[in-house]
Structure formats: C-alpha cells, structure tokens
Amino acid sequence: MLDLNQRVVLDRAGFAALLQALADDGHALVGPTVGDGAIVLDAIAGIDDLPRGVGDDQAPGHYRLRDRGDAALFGYAVSPHAWKRELLPPRVPLVQIRRSATGLAIEAAPAPTRKVAFIGVRGCELAAIAIQDRVLATGAHPDADYAARRAQSFILAVHCGSPAGTCFCVSMETGPRARGAFDLAATELLDGEHRFVIEIGSDAGRAILARVASRTATTDDVTAATAVTDHAATQMGRAMPTAGLRDLLMANLEHPRWQHVADRCLGCANCTMSCPTCFCTSVEDTTDLSGDVATRTRRWDSCFTADFAYVHGGSARPSLRARYRQWMTHKLATWHDQFDSSGCVGCGRCITWCPVGIDLTEEVAAIRAAPAPRSHADG
Amino acid sequence: MATSLPVAANAYALEPMTIARASRDLDDVFTFEFDVPGGFAFRPGQFNMLYVHGVGEVPISISGDPATPQRLVHTIRAVGTVTRVMDKLKAGDVLGVRGPYGAAWPLDELRGKDVLVMTGGLGLAPLRPAILHLLAHRGDYGRITILYGARSPADILYRDELARWRGRFDCRVEAIVDRAGRDWYGPIGVVTRLLDGLPLDPDDGVLLCGPEIMMRFAVRALDERGVPRTNIWVSLERSMKCGVGLCGHCQLGGSFVCKDGPVYRFDRIAPALQVREL
C-alpha cells in the first residue's frame with residue numbers, strides 16, 4: 001500500500017498507464033494538446049495526445065509555440081485555456097421554462113455527472129481553482145453546476161519547469177511548485193531517463209496510482225525534482241511586489257495612469273476570458289421557434305463590455321478608464337475584501353493575450369512609482 | 001481533487017407565480033400582487049428577481065406589507081426590455097420569481113429612536129414595507145417623519161396611501177414636487193428643502209431611497225444638520241443578473257450590491273460612492 005507521503009517514479013510507459021488507469025476508472029481525460037498553433041486544454045485519449053517537445057514563448061501580446069528538441073510532455077508554461085473552461089464552462093444551461101395554458105413549468109438543468117481528470121494542472125492554476133471554489137461554491141448561494149463539476153474532478157498536477165516571459169507565480173506565491181488540493185502531482189524529469197516523480201495528495205490519487213507499476217523514488221529523484229521547480233522559480237519573466245498592493249490601489253483610484261492605460265486598452269475582454277479566476281457571468285434567454293420553451297443559459301461575461309454595469313439610464317462605468325480600473329482593482333485589491341485573497345495567481349495570461357500587450361505588472365509598477373499624494377477614496 | 005463542497009440547489013431555479021392583481025400607479029409605473037397562501041416571508045428592503053418568459057429577469061424590490069406575507073407586492077417602472085414587457089401583463093399572467101435577496105432596512109436597530117424616511121420618486125416603493133412596519137409597531141419608535149419628493153403632483157406614487165398616512169396624528173408626512181400647477185398647495189423644490197425647520201436629532205435614524213443624486217444631496221443636507229452618516233441608511237441600484245453574488249455585475253468597490261446591499265449604512269458605502277464610475 002502506498003503511503004501518502006511516499007514519492008514514486010513512473011517512466012513514460014508508467015505515466016501512460018496512469019492516464020489509462022484514470023480513463024478506466026471512468027474519467028474523461030482533459031489535458032494539454034496542440035491545436036490551432038497553441039497548447040489548448042481539450043479531451044485527450046492518452047499520452048500520445050500530449051504535446052511532445054513543444055514549448056511556448058510568451059511576451060506581452062505575443063505567443064508562439066517552439067520546438068524544444070526534447071521529449072518533454074509538459075515543456076510549456078500555461079495554455080491560453082484555463083481550467084475554468086471545465087468547471088465554469090463558457091455556456092451552461094441553467095433552467096428551462098416551458099409555457100403552457102396552465103402557466104410556466106420550470107425544469108432545472110440536470111446536475112453534470114461527468115468525472116473529469118484534469119491532466120497537467122500548474123501551481124498557478126491549482127491556486128486559481130481554489131480561488132474559484134471560494135467565490136462560487138462556499139457562499140450562502142453556491143453555484144450548483146460548478147460545485148457538481150468540482151466534486152467530480154480529479155487533479156493530476158504537473159509542477160512547472162518552464163515558466164514563460166509573462167509568468168510571475170513566485171510573486172503571487174502560487175508556484176512553480178503546485179501546493180494545495182491535488183490528487184497527484186508530478187515533476188517531469190528529462191535528465192537521464194524520461195521519468196515523472198509523483199507525489200500523492202489524496203486517497204483517490206493513491207488508489208489510482210496503486211494500479212500502475214511504479215518504483216519508490218530515490219533521494220536523487222527527489223532532489224532532481226526539487227531542482228526543476230527551484231530553477232523554474234528563478235526564470236520568472238515578470239515580478240509584481242504585493243506588499244501593500246491593496247491599499248496602494250485603493251488609495252489611487254483617481255491616478256492618471258488609469259487614463260494612460262485606457263488610451264491603449266481596446267476593451268476586447270481577452271484578459272478576462274483568459275484569466276483563470278475571472279468568474280463574471282451573465283444569464284440570457286433563448287426561445288425555441290414556438291416561443292413556448294425558453295432556456296436560461298449562463299455565459300461568461302466581462303467587466304470590459306459596455307453593458308456589463310448597465311442599469312436603466314446608462315452604464316455605471318461608461319469609460320474604458322473605469323472598466324480597466326474595475327478589473328485591475330477587483331483582481332488585486334477588492335478581491336481581498338471579498339474573498340480574503342488576491343484574485344491574481346501570476347499566470348500571465350492577461351499579459352500574453354492582450355492584443356496590445358498591456359501588462360498589469362507594469363501598470364501596478366507605474367502607480368507604485370508615483371502614487372497619488374492623497375486618497376480620494378477616503379474623502 | 002474532489003472536494004467536500006456542499007451539494008447545492010440550483011441558485012437560478014425560479015418559482016412560477018400568477019399575477020393576482022395588476023394595477024396602474026403612474027403612466028409608466030404599475031403594481032403586481034401575487035397570492036402566496038404559504039406566505040412569502042421577507043424583510044423590508046429586500047428584493048426579488050422577476051422573470052418574464054423568454055425575455056429576461058430583473059431585480060425588483062418588494063413593496064408589500066411584511067405583516068401579510070401571503071400577498072407579495074412589486075411596484076415596477078417600465079424602463080427597460082423586461083419591465084416594458086411586464087407593463088403589458090395582466091392578472092392571470094405568470095412570472096418567475098426567486099428571492100428574497102439582499103440586506104434589509106435596520107428596523108430592529110432603530111427601535112426607540114426617531115425615524116426619518118426620506119425618499120424621492122419610485123424610491124418610495126422599497127421603503128413602503130419599512131413604513132408599514134414602523135406604523136404597525138408605532139409604539140416601538142419615537143417620532144416618525146416621511147418626506148417625499150416627486151417630479152409633479154401627477155407623479156406621486158401611492159397617493160392614496162400617502163394621504164392616509166398624512167391623515168394620521170402619530171406621524172408627519174410632507175410631500176414636495178419639482179413643478180406643479182395652481183392646484184398644488186404644497187411646497188415646490190427638491191426633497192431636501194423639507195428638512196428646513198424640521199426638528200432633527202443626531203441620534204435619529206434616517207432611511208433614504210431615491211435617485212443616487214438625490215441621496216447625495218440628502219446626505220449633504222443631513223451632514224449640515226448634524227446627523228452622523230452612521231445613522232443614515234441608503235438603498236442602491238446596480239446591474240444584477242444572479243442576485244446572489246455569483247455573477248459579478250453589481251460590484252461597487254469591494255461590495256456586491258445584491259448580497260451586501262442593496263441597503264447599506266451610509267458610512268460603509270460612502271467611500272465607494274464618492275469615486276466617479278467605480
């Protein structure tokens with residue numbers, strides 16, 4: 001019987017067997033795969049669908065895949081896709097309402113019953129999932145669909161060995177080593193034999209791992225695994241000092257930098273779509289041709305759209321300046337007030353996928369460099 | 001990792017309710033009443049999400065009497081896509097209802113104190129349950145004053161009821177309008193004008209609801225009269241899609257107006273209201 005604190009080693013065939021064991025256990029496998037010139041999170045059949053020797057170059061407004069010239073299966077930083085695609089899907093039917101002569105018949109959408117194994121979750125992403133758990137599943141009115149998906153998820157984390165130019169998980173204390181609630185966590189080792197050092201995080205993880213042939217990790221294996229993430233921690237492309245960040249931003253709600261960034265921002269919402277913690281949604285109605293059956297669908301929304309804060313008479317935030325400020329101050333400041341943590345995990349997606357390369361670490365630094373003399377928020 | 005997250009009920013599931021009575025209050029304002037034999041318990045100041053089949057859902061404050069929960073009452077202004085369709089509905093039509101949501105007026109906290117209700121336009125609708133409670137528990141409170149501002153005499157909401165309250169000898173009701181013809185005998189101006197000469201004590205509790213600009217000026221006037229902001233409560237309006245803190249639309253600074261509000265003690269929300277477009 002494997003011990004929770006035990007570390008074991010799987011070779012490539014063993015890792016393939018682990019994925020197969022998860023599939024045999026009734027999990028749909030979702031993991032990284034190459035598609036559309038990017039590493040996307042999609043259904044995978046097994047190890048052959050994982051990217052092989054593919055890395056990613058990321059910079060503000062820039063993303064390219066590159067050939068690493070090795071056999072790495074997890075040799076990239078992060079996908080443009082976040083795991084919220086699985087847990088808080090872009091569109092989810094909530095409730096169907098049928099109109100008849102006798103009134104309205106309400107039928108809540110059935111709870112999802114799909115066991116999904118998340119393959120290759122990074123430390124930053126694990127932190128993002130924990131944040132969304134707090135936002136969506138622990139309040140007085142939890143999101144039923146999210147909670148059901150979450151309860152059926154199996155997480156195979158893979159510690160990050162290849163941060164990108166837009167990464168700053170070290171600043172946000174979320175990586176590169178995944179901590180928190182994983183079932184299994186792997187470190188991919190490429191020196192010498194291609195192998196994975198596996199940590200066990202839960203009984204479910206232990207049970208799956210027990211089904212595949214493994215060997216006990218040696219001190220050398222564990223040292224090598226630690227070295228991977230230790231090295232990764234030195235490869236951060238960005239940094240964002242967080243000391244006093246909440247108060248800094250709340251004291252600078254009228255800082256001229258907001259207009260500066262608004263002049264560049266397109267209001268396209270890419271940052272919010274790619275962000276692994278952004279949770280804002282809207283609900284819309286669609287009716288069938290008869291007009292009798294209406295389906296209420298929850299879909300992703302973004303605080304960058306013009307109608308996001310619309311009340312009769314107009315939007316509460318007509319300017320892009322206000323919308324960008326809302327996004328960034330929510331992420332980095334008011335999130336603390338609401339959920340006792342930052343809303344940012346340092347994954348860098350919002351920087352990479354901003355078409356004009358707006359970099360929130362740079363925006364924060366600009367405000368930090370020249371804070372307003374006094375707080376308007378206190379007035 | 002599979003977590004021990006609670007199995008949750010669908011927060012968006014709604015209850016079909018048949019409009020029992022529909023009445024017109026003003027040109028663009030109407031009231032729906034629903035009979036709820038089992039009772040629809042709520043606290044004054046709370047709101048429901050009301051759904052029109054195939055059109056959409058809107059947050060509407062509850063305007064009924066908290067002492068008669070068997071009758072759910074909503075007063076609605078036709079201003080948007082959903083409420084304009086509602087405007088065409090009649091008794092017998094069915095809406096989807098879910099709620100009640102949000103924070104309430106601090107009626108327990110105000111016991112023993114003088115209470116000033118200050119409201120403008122449709123702001124009287126979310127305050128009606130609070131007023132009915134105050135008057136029904138008259139002995140629990142000190143002096144009760146209701147100041148109401150409307151655009152014109154024809155725009156006075158709940159006119160009959162205001163007149164009835166005004167006829168009581170145990171509360172004071174004053175109304176003011178922005179403009180009027182010769183048949184108006186009351187004062188003309190903004191609602192803050194009604195504070196002139198009104199006895200006010202710093203210890204009084206003030207319940208405030210109306211257009212945001214009206215509430216700003218009212219707070220300013222109350223500042224001048226020495227009423228601390230810790231004794232003023234306001235009800236705010238923001239975009240809401242879920243009503244329960246999941247969708248993010250209603251955020252005002254660090255606050256979710258749907259669950260932390262819509263009723264706030266003013267000192268707690270004032271910093272956020274002072275930042276333009278927050």
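Please read all numbers here as calculations on a predicted model, not as lab measurements.

**Details of the sheet that holds strand S8 (residues 116–121) of chain A**
All names here are of chain A.
No. 1: As summarised here, the arrangement of the 8 strands in space is S3-S2-S8-S9-S10-S11-S1-S12, forming an open sheet in which the pairing is mixed. Since the sheet does not close on itself, it has two edges, and those belong to strand S3 (38–43) and strand S12 (215–216), each with one partner.
No. 2: Sheet analysis places strand S2 (residues 28–35) next to S3, joined by 6 bridges and oriented antiparallel. Pairing of Gly 35 across the sheet is with Ala 38, part of S3.
No. 3: Those strands touched by helix H1 (residues 12–24) are strand S1 (7–11), S2, S8, strand S9 (153–158), strand S10 (184–189) and strand S11 (195–200), and its axis lies near 100° from that of S1.

**Brief notes about the packing of aromatic side chains**
No. 1: As enumerated under the stated definition, the model contains 16 aromatic pairs over all chains in all.
No. 2: Taking 4.1 Å as the distance between ring centres and 20° as the angle between the ring planes, the aromatic pair formed by A:Phe15 and A:Phe196 counts as stacked. With A:Phe15 in helix H1 and A:Phe196 in strand S11, this pair connects stretches of sequence that are 181 residues apart.
No. 3: Overall, the relative accessible area of 0% leaves A:Phe15 in the buried class.
No. 4: Within the aromatic cluster, the residues linked to one another by ring pairs are A:Trp258, A:Phe304, A:Tyr324 and A:Trp327.
No. 5: Seen from the ring of A:Tyr76, A:Arg122 lies directly overhead, with NZ or CZ sitting 4.8 Å from the centre.
No. 6: A cation over an aromatic ring shows up here: B:Arg220 above the ring of B:Phe217, its NZ or CZ 4.9 Å from the ring centre.

**A short note on the packing of helix H2 (residues 124–136) of chain B against helix H3 (residues 159–166) of chain B**
Residues and elements named next belong to chain B.
No. 1: Closest axis-to-axis distance for the H2/H3 pair is 13 Å, and the angle between their directions is 30°. On the basis of the axis angle, H2 is roughly parallel to H3. When you trace H2 past H3, the crossing you get is left-handed. Contacts between H2 and H3 involve Leu 124, Arg 128, Ile 131, Leu 132 and Leu 135 from the first element and Glu 161, Leu 162 and Trp 165 from the second.
No. 2: A class-by-class count of the residues in the contact of H2 with H3 yields 6 nonpolar, no polar and 2 charged.

**Details of the interface of chain B and chain A**
No. 1: Between chain B and chain A, the residue contacts involve 43 residues of the former and 65 residues of the latter.
No. 2: In total, chain B and chain A occlude about 4400 Å² of area from one another, counting both sides; carbon and sulfur atoms represent 59% of this.
No. 3: On the surface where chain B and chain A come into contact, there are 1 salt bridge.
No. 4: A salt bridge links A:Arg296 to B:Glu57; the nearest nitrogen and oxygen atoms lie 2.8 Å apart.
No. 5: Secondary-structure elements contributing two or more residues to the side of chain B that touches chain A are strand S4 (56–61), strand S6 (94–101) and strand S13 (255–256) of chain B.
No. 6: A per-element tally of the side of chain B that touches chain A places S6(B) first, with 4 residues.
No. 7: Along the lines of polarity and charge, the residues of the side of chain B that touches chain A split into 23 nonpolar, 14 polar and 6 charged.

**Description of unusual backbone geometry**
No. 1: B:Pro100 follows B:Gly99 through a cis peptide bond whose omega is -5°.
No. 2: When you line up the elements, B:Pro100 lands in strand S6.
No. 3: Geometrically, the link from B:Gly261 to B:Pro262 is a cis peptide bond, its omega value of 5° lying close to zero.
No. 4: Even without glycine at this site, A:Ala269 takes up a positive phi of about 75°.
No. 5: Take A:Ala269: it is sitting in the loop between helix H9 (257–262) and helix H10 (270–274).
No. 6: Its relative accessible area of 8% is what places A:Ala269 among the buried residues.
No. 7: Unlike most non-glycine residues, A:Asp340 shows phi in positive territory, near 60°.
No. 8: On the secondary structure map, A:Asp340 appears in the loop between helix H11 (320–339) and helix H12 (349–352).
No. 9: Judged by relative accessible area, which is 72%, A:Asp340 ranks as exposed.

**With respect to the pattern of salt bridges**
Residues and elements named next belong to chain A.
No. 1: As enumerated under the stated definition, the model contains 47 salt bridges over all chains in all.
No. 2: Arg 257 is the partner of Glu 363 in a salt bridge, and the nearest nitrogen-oxygen pair spans 2.7 Å. Here Glu 363 is found in helix H13 (residues 360–369), whereas its partner Arg 257 is found in helix H9, with 106 residues between them in sequence. For the pair formed by Glu 363 and Arg 257, the shared burial category is buried.

Calculation criteria
- Residues numbered from 1 in each chain as written.
- Chains lettered and ligands numbered in written order.
- Predicted model: local features only at pLDDT ≥ 70, side-chain atom pairs only at ≥ 80, totals over all residues.
- Heavy atoms only, no water.
- Pairing = 2+ DSSP bridges.
- Helix = DSSP H or I, 4+ residues; strand = E, 2+ residues; numbered from the N terminus.
- Contact = heavy atoms within 4.5 Å.
- Axes fitted to C-alpha atoms, helices over the stretch in contact; angles between N-to-C directions.
- Phe/Tyr/Trp six-rings, centres within 6.5 Å; stacked < 30°, edge-to-face > 60°.
- Buried < 20%, exposed > 50% of the residue type's maximum accessible area, 1.4 Å probe, protein only.
- Lys NZ or Arg CZ within 6 Å of the ring centre and 35° of its normal.
- Parallel < 35°, antiparallel > 145°, perpendicular 65-115°, else oblique.
- Left-handed = near helix turned anticlockwise from the far one by under 90°.
- Nonpolar A, V, L, I, M, F, W, Y, C, P; charged D, E, K, R; others polar.
- Buried area = accessible area lost by both parts, 1.4 Å probe.
- Salt bridge = Lys/Arg side-chain N within 4 Å of Asp/Glu carboxyl O.

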